[in-house]
Amino acid sequence: MTTSPALVEVEEAVPSSAPPTSGRRILTAVTRDKGALACLVFLAIVVLMAVAAPLITKLSGWGPYQFDSAAINSDLGGVPHGSLGGISGSHWFGVEPQNGRDLFARIVYGARVSITISLSATLLTGILGVVLGMLAGFYRGWVDQVISRLMDFLMAFPALIFMIAILSSLPSGNRPVLLVVVISAFGWPYLARVIRGQTMTLANREFVEASRASGAKDSQVVFREILPNLRGSIVVMTTLAIPGYIGTEAGLSFLGVGVSPPTASWGQMISSSVSWYSVDPMFFAIPGLFLFLTVLSLTVLGDKIRTLIDQGEAA
């Protein structure tokens, strides 16, 4: 089929005036929103801390497992010397009571644990939820029945209680991996249910019927036609899942079934600070503030992205 010169001219003119991609549009909108931009900057700092933890702690002079007996007062039960939990030029966030471990180093390595576990759980949950949700919505019949009953079965459990029970009965080795697997096992049905419903709607659309009529295989229809149209929902659901998984990991570590000591974890640090509230409030305040701000930033940013995607789909 030949193309007219006029059509060629129109096609060549399109790129210069075409609207930005959805990713560029979202990034531009986020950078123009002061609240979302502040959340993005804080998250960038946390991610940088997690990635460059060994280098950062080398610059600070203290590792997460080093003890500084000179920074605590053994006559008072191990209370840090000085005010504000021992904050000084040597220990930027102070030290832990009794053992004198540097809080800044523990916070930095705790960020690595929280980010790694939450992102890994989100990735595994996303893969399971999207694939199983699409299969259930596309094939229906007995495939939908099996997957839907499995979703109902897992969603019927009080997730946190069973996570505690399962993790308590498992060996302490490879704790981060076990956390990712257990969190994902109870988390994927919520994404799969949303994906299933949207796949059922998309399966009856004209472009899917046209793809089938052209001789495309089921796998090609699912992953080339339906999956790209689920991108907005997947981005929104996974973005909002990350803060939830960070909170879940912190909660499990707080209860003693998460990351095993001496591995640094914000939830574990908060748990250890319970008996020191009255004499060293900074031991609780610093990891608690980092956990709060990280979850808040991810939630605000996720909500902003969801609004922008909804606006884009409506347009």
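Residues numbered from 1 in each chain as written. Predicted model: local features only at pLDDT ≥ 70, side-chain atom pairs only at ≥ 80, totals over all residues. Heavy atoms only, no water.

A. Just the confidence of the model for the protein chain, in detail. Model confidence for the protein chain is summarised by a mean pLDDT of 84, while 92% of its residues fall at 70 or above. Predicted confidence in the protein chain is weakest over helix H1 (residues 5-17), with a mean pLDDT of 37, and strongest over helix H5 (residues 103-139), with 92. Per-residue pLDDT stays below 50 along residues 1-20; that stretch engages in two contacts with residues further than four places along the chain or on separate chains. (pLDDT = per-residue confidence, 0-100. Helix = DSSP H or I, 4+ residues; strand = E, 2+ residues; numbered from the N terminus. Contact = heavy atoms within 4.5 Å.)

B. Here's a closer look at the nonpolar core. Counting 38 residues, the largest nonpolar core has Met 49, Ile 107, Trp 266 and Phe 290 as the members making the most contacts within it. Of all the elements in the fold, those that place two or more residues in this core are helix H2 (22-32), helix H3 (34-51), helix H4 (53-60), H5, helix H11 (231-254), helix H12 (266-272) and helix H13 (281-314). If one sorts the elements of this core by residue count, H13 sits on top with nine residues. For Phe 290, the contacting residues outside a window of four places in its chain are Phe 42, Met 49, Phe 93, Ile 107 and Trp 266. If you look at the next biggest cluster of nonpolar residues, it comprises 15 residues, including Leu 167, Leu 179, Phe 186 and Val 257. (Core = buried A, V, L, I, M, F, W, Y, C linked by side-chain atoms within 4.5 Å. Buried < 20%, exposed > 50% of the residue type's maximum accessible area, 1.4 Å probe, protein only.)

C. Fine view of the packing of aromatic side chains. Across all of its chains, the model carries ten aromatic pairs by this definition. Between the aromatic rings of Trp 266 and Phe 290, the centroid separation amounts to 6.0 Å while the plane-to-plane angle is 45°, which identifies the pairing as tilted. Placement of the pair is Trp 266 in helix H12 and Phe 290 in helix H13, with a sequence separation of 24 residues. Here Trp 266 matches Phe 290 in class, with each residue buried. Here the aromatic residues Phe 42, Trp 92, Phe 93, Phe 104, Trp 266 and Phe 290 are joined through ring pairs into a cluster of three or more. (Phe/Tyr/Trp six-rings, centres within 6.5 Å; stacked < 30°, edge-to-face > 60°.)

D. Highlighting the packing of helix H9 (residues 206-213) against helix H10 (residues 218-226). Relative orientation of the contacting elements H9 and H10 amounts to 145°, with a least axis distance of 10 Å. Crossing geometry of H9 relative to H10 is assigned as right-handed. On H10, the residues touching Phe 207, Val 208, Ser 211 and Arg 212 of H9 are Val 221, Glu 225 and Ile 226. Each residue belonging to the contact of H9 with H10 can be placed in one class, and the counts come to four nonpolar, one polar and two charged. (Axes fitted to C-alpha atoms, helices over the stretch in contact; angles between N-to-C directions. Left-handed = near helix turned anticlockwise from the far one by under 90°. Nonpolar A, V, L, I, M, F, W, Y, C, P; charged D, E, K, R; others polar.)

E. Region of interest: unusual backbone geometry. Between Pro 261 and Pro 262 the backbone carries a cis peptide bond, its omega angle lying at 5°. Checked against the element boundaries, Pro 262 lands in the loop between H11 and H12. One non-glycine residue with positive phi stands out, namely Gln 98, at about 75°. Position of Gln 98 relative to the elements: it lies in the loop between strand E2 (79-80) and H5. Of the residues examined, Gln 98 reaches a relative accessible area of 56% and is grouped as exposed. In this structure, Arg 140 is a non-glycine residue whose phi angle is positive, near 55°.

F. Quick look at the pattern of salt bridges. One pass over the structure, following the stated rule, counts seven salt bridges. The partner of Asp 33 in a salt bridge is Lys 304, with the nearest N and O atoms 3.3 Å apart. You can see Asp 33 sitting in the loop between H2 and H3 and its partner Lys 304 sitting in helix H13, a full 271 residues away along the chain. Since its relative accessible area comes to 27%, Asp 33 is described here as partly exposed. Of the residues examined, Lys 304 reaches a relative accessible area of 23% and is grouped as partly exposed. Residue Asp 152 is joined to Arg 149 by a salt bridge in which the shortest nitrogen-to-oxygen separation is 2.8 Å. (Salt bridge = Lys/Arg side-chain N within 4 Å of Asp/Glu carboxyl O.)

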